[in-house]
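The residues making up each chain are set out below.
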Amino acid sequence: MSVNYVARPWESRLFRRCRRAWDLAARERQDYEPSEPAQVFDFGEAIHDALDVYYFPGMWDWNRAIVRPLAVAGFEKSMRRQRDAYTQTRELSAEQVQDWEQHRELGTGILERYFEWASDIDRFTPIQVASQFDIALPDPANPDSGLTTPEGRPLQYRVRIDLVVIDDHELYWLVEHRIISDPHWSDLEALRLDEQALTRGWAWQLGFLAKLEGTIHNELRAATPAAGKSEVALRAVPGVGGITTQRSTESFRRTHIPRTELEIERHGIAVALEMQDMTDPSLRIYPNPSWEHCSACAYRPPCLAMTQGIDERPILEASYRRRVGGDFPLGRLGSVWGFVPEIHRVAEHRAPGAEQ
Ligand code: SF4
């Protein structure tokens, strides 16, 4: 156990969703993860990996004709890396091979179209991509001092961001890439309330001592568009922090949401209060079953055993393991570019395409 109590946004989400799952999974709790990947590949992760290469700050002034194939290669490498991890102990079925191939083709098609679309609207300069960093949690009751657990361990939050850019007016924006499978775009209010974007934005401001103008929600639909020319729709909606602008086609949507200082600050207070709940010694652990969450829960087998009064330990020993690696998965890009932050930096620093 380290001196600091380190939590991560995924642990906070799990804590809110189901305390039993959180207790099994969180690094400061039982720290179990499934010993084998549950799926052959995560399409969203592979697209993210491609976008990390495309927006790598050190290559931003390179000719995009050179960078595009590198980004597509990043996608394909990610798909292969994930498939190889899955097949370490198992063979793929014919359906899984076909599904992997179809998604490889789908992904390269989406990326080629995205690069074409983005070339007109990427009016910014990337400064950080796929960065991971720690921040000390300020005490909401006394923001000049850091929060600690009741045992006196300093509370830290470990955050990973997709991308931070600086626009033509020298304003910083946090960019969130989202891979959407739903045939309908989500409501604008859902983006305004986007907990992940607010958490990352708040942490980034604290970590890098700079002000964010807002968040950019960059959505890519995981589907091949209908034949014919895709219409571009433009929208501008007034909001508390300024005018939200949205540009969309059938396949892609980009929304700029200006955020006020107060909005980001208030979200940070909520994160800190939740961390205090998490580390409360009298915290009660109980399951919160709902098919919406349980259907995709990695801890369903031990949870079912516990619910049925059966010893869950043999299941945990057979199919789960305590985490061994760091937070940053091997083989993925990570960098911090352009800042010298006053924080403990845990990101791996690796050039795109570097082999592990
Ligand atoms: S299966 Fe459902 S109730 Fe059980 S741990 Fe997972 S989310 Fe919680």
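Throughout this description, residue numbers start from 1 for each chain and increase along the sequence as written. Totals for whole chains, interfaces and linings use all residues, but because this is a predicted model, local features are given only for residues with pLDDT of at least 70 and pairs of side-chain atoms are given and counted only at 80 or more. Water and hydrogen atoms play no part in the side-chain values, which are based on all heavy atoms of the structure.

A.B. asks: A description of the layout of surface pockets should follow, citing residues and the corresponding values.
C.D. replies: The computed volume of the second largest pocket comes to approximately 410 Å³. Taken together, 18 residues make up the lining of the second largest pocket; nearest its centre are Ile121, Arg123, Ile216, Thr245 and His256. Every helix listed is a DSSP run of H or I at least four residues long, and every strand listed is a run of E at least two residues long, numbered separately from the N terminus. Secondary structure elements with two or more residues in the lining of the second largest pocket: β6 (155–167), β9 (233–239), β10 (242–248) and β11 (252–258). Sort the elements by how many residues they give to the lining of the second largest pocket and β10 lands first, with four residues. A 1.4 Å probe that fits into a set of points on a 1 Å grid over the protein atoms alone but cannot get out defines a cavity; an open set with protein on both sides within 12 Å along at least five of seven lines defines a pocket, and lining residues are those with an atom within 4 Å of a point. Grid points are joined across faces, edges and corners, and a volume is the space filled by probe spheres set on the points.

A.B. asks: Explain the site of the ligand residue by residue, including any values.
C.D. replies: Consider each residue's heavy atoms; a residue with any of them within 4 Å of a molecule or strand counts as near. All residues adjacent to the ligand are Cys18, Ala21, Pro287, Asn288, Pro289, Cys294, Cys297, Arg300 and Cys303. Looking at the shell around the ligand residue by residue, the class counts come to seven nonpolar, one polar and one charged. Basically, the charged four are Asp, Glu, Lys and Arg, the nonpolar ten are Ala, Val, Leu, Ile, Met, Phe, Trp, Tyr, Cys and Pro, and anything else, Gly included, counts as polar.

A.B. asks: Which residues make up helix α10 (residues 300–307), and what are the values?
C.D. replies: Residues of α10 that are buried include every one of Pro302, Cys303 and Ala305, and no others. Projected onto a plane normal to the axis of α10, the buried residues spread over an arc of 160° and lie on a single side. One or two residues past the end of α10 sits Gly309, with phi positive at roughly 75°. Working definition: with a 1.4 Å probe on protein chains only, accessible area under 20% of the residue-type maximum means buried, over 50% means exposed, and in between means partly exposed. This arc corresponds to the set of directions leading from the helix axis out to the C-beta atoms.

A.B. asks: Describe in detail the environment of Asp31, supporting the description with residues and values.
C.D. replies: Among the secondary structure elements, Asp31 is positioned in the loop between α2 (19–25) and β2 (32–34). For the pair Asp31 and Arg322, spaced 291 residues apart in the sequence, the C-alpha separation amounts to 5.5 Å. It only takes one pair of heavy atoms within 4.5 Å for two residues to be counted as in contact. The contacts of Asp31, once residues within four sequence positions are left out, are Asp23, Leu24, Ala25, Ala26, Arg321, Arg322 and Arg323. In terms of polar contacts, Asp31 uses its side chain to reach the side chain of Arg323, at 2.9 Å. Whenever two N or O atoms come within 3.5 Å, that pair is a polar contact, provided that in protein one can donate a hydrogen and the other can accept it, and provided that, for residues adjacent in sequence, both atoms are side-chain atoms.

A.B. asks: Report on the pattern of salt bridges, specifying residues and quantitative values.
C.D. replies: We count a salt bridge whenever a side-chain nitrogen from Lys or Arg sits within 4 Å of a carboxyl oxygen from Asp or Glu. The tally for this structure, following the rule as stated, stands at 27 salt bridges. Residue Arg323 pairs with Asp31 through a salt bridge whose shortest N-O separation is 2.9 Å. In this pair, Arg323 sits in the segment after β12 (320–322) while Asp31 sits in the loop between α2 and β2, placing the two residues 292 residues apart along the sequence.

A.B. asks: Go over the side chain of Glu11 with me, naming the residues and quoting the values.
C.D. replies: Mapped onto the elements, Glu11 comes out in helix α1 (residues 9–17). Under the relative-accessibility criterion, Glu11 is labelled buried at 2%. Here the side chain of Glu11 touches Arg27 through a polar contact of 2.8 Å, landing on its backbone nitrogen. Ignoring anything within four residues of it in the chain, the contact list for Glu11 reads Val6, Trp22, Ala26, Arg27 and Met278.

A.B. asks: For the confidence of the model for the chain, give the residues involved together with the corresponding values.
C.D. replies: The predicted coordinates of low-pLDDT regions are not to be read in fine detail. Of the residues in the chain, 90% reach a pLDDT of 70 or more, and the chain-wide mean stands at 89. Counted against residues more than four places away or in other chains, residues 334–356, with its pLDDT under 50, gives 66 contacts. On a scale of 0 to 100, pLDDT captures the predictor's confidence in every residue.

A.B. asks: Which residues make up unusual backbone geometry, and what values do they have?
C.D. replies: Phi is positive for Glu170, which is not a glycine, with a value near 65°. Counting through the fold element by element, Glu170 comes out in the loop between β6 and β7 (172–180). Overall, Glu170 belongs to the exposed group, its relative accessible area being 62%. Its identity as a non-glycine residue notwithstanding, Leu209 has a phi of 50°, on the positive side. Checked against the element boundaries, Leu209 lands in the loop between α7 (195–208) and β8 (212–221).

A.B. asks: Describe the pairing of β9, with residues and values.
C.D. replies: DSSP-based pairing: two strands are paired if at least 2 bridges between them are found. As defined by bridge partners, β9 adjoins β10 across seven bridges and the pair is classed as antiparallel. Directly across from Gly239, in β10, lies its bridge partner Gly242. Counting the residues in the hairpin turn of β9 and β10 gives two residues.

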